[in-house]
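Structural characterization, general
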Amino acid sequence: MWNCGGLRLRSLALSAIAGAGTATWIGNIAAAAPKAGPSVEDKHFSAESNYSVNTDNDTFHKLAVQNDVKIGPVSLRQGQNGRGLFADSAISEGTLLIRVPLDLCLIHQHGDDKTQDRDWPFWLATRVLRETSATDEASADSRAKFWPVYSKLFLPSIEEATATIPAAMPLPWIEKFRHWGIMQQLYIYRMQSQKKFKEITGKDTVPEALTWAQSLVLSRCFGLSKNRGTITLIPFIDMLNHADPGNTKLRLDADRRQVYAYASKDIGPGEEICTCYTDKAPNALLFMKFGFVAKNNPNWSILMGASERKNLINPNRLMEFLDETTPGWDRRSDKQLVAILDALPVDEVGNVPLEVETSGMGKLSELLHRRAQRIRQDVAEGEMGPLHVLADETLSILDRATTTIAAYKAWLEKTASAK
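Each chain carries its own residue numbering, running from 1 in the direction its sequence is written. The predicted origin of the model limits local features to residues at a pLDDT of at least 70 and limits the giving and counting of side-chain atom pairs to 80 or more, whereas totals for whole chains, interfaces and linings rest on all residues. Side-chain calculation: all heavy atoms of the structure are included, whereas hydrogens and water are not.

With that out of the way, let us pick up the overall build of the protein chain. Secondary structure elements are taken from DSSP: a helix is a run of H or I of four residues or more, a strand is a run of E of two residues or more, and numbering for both begins at the N terminus. Counting its secondary structure elements, the protein chain contains 15 helices and 11 strands. Taken over 419 residues, the protein chain has a buried fraction of 50%. Contacts between residues were defined by any pair of non-hydrogen atoms, one from each residue, lying within 4.5 Å. Within the protein chain, residue pairs in contact and separated by at least 24 positions form 72% of the contacts whose partners lie at least 6 positions apart. All accessible areas in this document rest on Shrake-Rupley with a 1.4 Å probe, and a residue is counted as covered only by the protein chains that are shown. Total accessible area computed for the protein chain in this model is approximately 19,700 Å², and 51% of it derives from carbon and sulfur atoms. Using a 1.4 Å probe on the protein chains alone, a residue whose accessible area is under 20% of its type maximum counts as buried, one over 50% counts as exposed, and one in between counts as partly exposed.

As structure tokens, then:
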């Protein structure tokens, strides 16, 4: 993503929380994590936060000033994508939008410890729990006073994260969706977290607060380095919503220890200020990582299960079928068909016998049809939770894949009878 130059940031090392009392510390911090925070509609600080401003935007700017964060002609308000940042006036390319001191950020930097790098979501999540716990008024560390307030006001609560961020969702919801890519990656996150938590505490069940913190880490952090991956939770900047392409770029000034958000192009008055979380990402990936889908996303994807991948296709015959039945199809414009073709289990050698391929396409078409039927049934019964937001797109591509494969099977049969 963005280069941090020669900056050597300290990571959250095992020694930072290991040793006597580690298990107790993690358990206590997890229990102390916020069970609920203000909803998006809540316009007031809680009484214990010692602030008394009336709107999200006023709160946002006041908290920024008190923590040496500079915010340009930008307002926090509701938009089509939920709460986000918007231009107060016309903004020229290159204008500084937000400057955040690096010392206010929560950071994990990949280093020489490969084991810790693999478990970085766990370690950074424990850091989030520690920083967002009860305020230490006597601490000289600015984060000790800042993060409990910022978390309570601008980060989702456990209940909100469970309803909107897949990394915090109950596994039965994930399983109902039957999207193997999402399921596999979320299972990996959960298993790594469970393994590390048991290693430290001896307990099997990961507290929901730690799952909450890990979901924030996975959905809100930015990478600030190409050569040594620096994963960073950047307050204020983390309120930027996604757009592809975006109109904002991030830059890290290693010498001044500041993170900057700049306008990457001219931005009109009232226009939302967005950054691109990950470019050319299909909605399945966006939802898995961040909990949203992009409208009119041109990037489609379909993933085959193990049983579906057993039915191999001869690539030469497939191309012949497309040339004959779909003349002039364009890989640049028909992204959905390209996604289907890319997902099909092609035999690169092209030695699949015609009769074997014909039989296999019948089985594959039926498998995908049943998969779509189960998703429709689960949506109708309301058993998918928030994952229904992806159902329409998934069913659209499954239906077209089923139709395409059925047509290919019919073409194979016709080819065989002609011979």
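What follows concerns the side chain of threonine 275. Within the secondary structure layout, threonine 275 lies in strand 11 (residues 272-275). Of the residues examined, threonine 275 reaches a relative accessible area of 1% and is grouped as buried. Setting aside its immediate chain neighbours within four residues, threonine 275 contacts Phe222, Leu240, Asn241, His242, Ala243, Gly246 and Thr248.

Across six bridges, strand 9 (residues 248-253) lies against strand 10 (residues 258-263) in antiparallel orientation. In the sheet register, leucine 250 faces strand 10, and the bridge partner there is alanine 261. Strands qualify as paired when DSSP identifies two bridges or more between them. With antiparallel pairing between neighbouring strands as the criterion, strand 9 and strand 10 make up a hairpin whose turn holds four residues, including arginine 257 at a positive phi of roughly 55°.

Whether two aromatic rings pair depends on their centres lying within 6.5 Å, for rings of Phe, Tyr and Trp, where Trp uses its six-membered ring; planes under 30 degrees apart make the pair stacked, over 60 edge-to-face, and the rest tilted. For the coordinates displayed, the defined rule picks out 17 aromatic pairs. Ring geometry for phenylalanine 146 and tryptophan 147: centres 5.3 Å apart, planes at 75°, overall edge-to-face. Of the aromatic side chains, those joined through ring pairs into one cluster are Phe60, Phe146, Trp147, Tyr150, Phe154 and Phe236.

Here the focus is the pattern of salt bridges. When a carboxyl oxygen of Asp or Glu is within 4 Å of a side-chain nitrogen of Lys or Arg, the pair counts as a salt bridge. The final tally for this structure, using the stated rule, is 14 salt bridges. Across the salt bridge formed by aspartate 253 and arginine 256, the nearest N and O atoms sit 3.1 Å from each other. A salt bridge links glutamate 413 to lysine 409, with the nearest nitrogen and oxygen atoms 2.5 Å apart. Of this pair, glutamate 413 and lysine 409 are both found in helix 15 (residues 391-418), four residues apart, which corresponds to roughly one turn of the helix. Residue classification places lysine 409 among the partly exposed residues on the basis of a relative accessible area of 24%. When salt bridges with common partners are traced through the structure, they connect Asp119, Lys196 and Glu199 into a single cluster.

Let's shift gears to helix 11 (residues 283-290). Because each turn of an α-helix spans 3.6 residues, side chains separated by three or four positions end up pointing in the same direction. With respect to burial, helix 11 is a largely interior element, six of its eight residues being buried. Taken residue by residue, helix 11 has Asn283, Ala284, Leu286, Phe287, Met288 and Phe290 as its buried positions. Positive phi shows up at glycine 291, right after helix 11, with a value of about 85°.

As a rule, the C-alpha atoms of each element are fitted with a line to give its axis, helices using only the stretch in contact, and angles between N-to-C directions run from 0 to 180 degrees. With their axes 10 Å apart at the nearest point, helix 13 (residues 335-343) and helix 15 run at an angle of 65° to one another. Put simply, helix 13 runs roughly perpendicular to helix 15. As for the relative orientation of helix 13 and helix 15, their crossing is right-handed in sense. Between helix 13, through Gln336, Leu337, Ala339 and Ile340, and helix 15, the contact on the second element is made entirely by Ser396, Ile397, Arg400, Ala401 and Thr404. Partitioned by chemical class, the residues of the contact of helix 13 with helix 15 number five nonpolar, three polar and one charged. Note on angle classes: values under 35 degrees are labelled roughly parallel, values over 145 roughly antiparallel, values of 65 to 115 roughly perpendicular, and the remainder oblique. Whether a crossing is left-handed or right-handed is set by the direction in which the near helix is turned from the far one by less than a right angle, anticlockwise for left-handed and clockwise for right-handed. When residues are sorted by character, Ala, Val, Leu, Ile, Met, Phe, Trp, Tyr, Cys and Pro go into the nonpolar class, Asp, Glu, Lys and Arg into the charged class, and all the rest, Gly among them, into the polar class.

It is worth spelling out the nonpolar core at this point. In this description, a nonpolar core means a group of buried Ala, Val, Leu, Ile, Met, Phe, Trp, Tyr and Cys residues linked to one another through side-chain atoms lying within 4.5 Å. Of all hydrophobic cores here, the largest spans 78 residues; its most connected members are Ile98, Phe236 and Ile237. Those residues within four positions of phenylalanine 236 in sequence are excluded, and the remaining contacts are Phe60, Leu63, Ala64, Val69, Ile71, Leu85, Ile98, Val100, Leu104, Phe146 and Tyr150. Among the nonpolar cores identified, the runner-up in size contains 29 residues, and Ile302, Leu318, Phe321 and Leu364 belong to it.

Time to look at the side chain of arginine 317. Positionally, arginine 317 belongs in helix 12 (residues 315-325). By the criterion applied in these results, polar contacts are pairs of N or O atoms within 3.5 Å in which, for protein atoms, one can donate a hydrogen and the other can accept it, and in which residues neighboring in sequence qualify only through two side-chain atoms. Polar contacts involving the side chain of arginine 317 include one to the side chain of glutamate 357, which spans 2.7 Å. Here arginine 317 is in contact with Val352, Pro353, Leu354, Glu357, Tyr408, Trp411 and Leu412, once residues within four sequence places are set aside.

If you trace the four strands from one edge of the open sheet to the other, you get 1-4-10-9, paired in antiparallel fashion. Each edge of the open sheet carries a strand with a single partner, namely strand 1 (70-71) and strand 9. Pairing analysis gives five bridges linking strand 4 (residues 96-101) to strand 10, with the strands arranged antiparallel. Paired with valine 100 across the strands is valine 259, a residue of strand 10.

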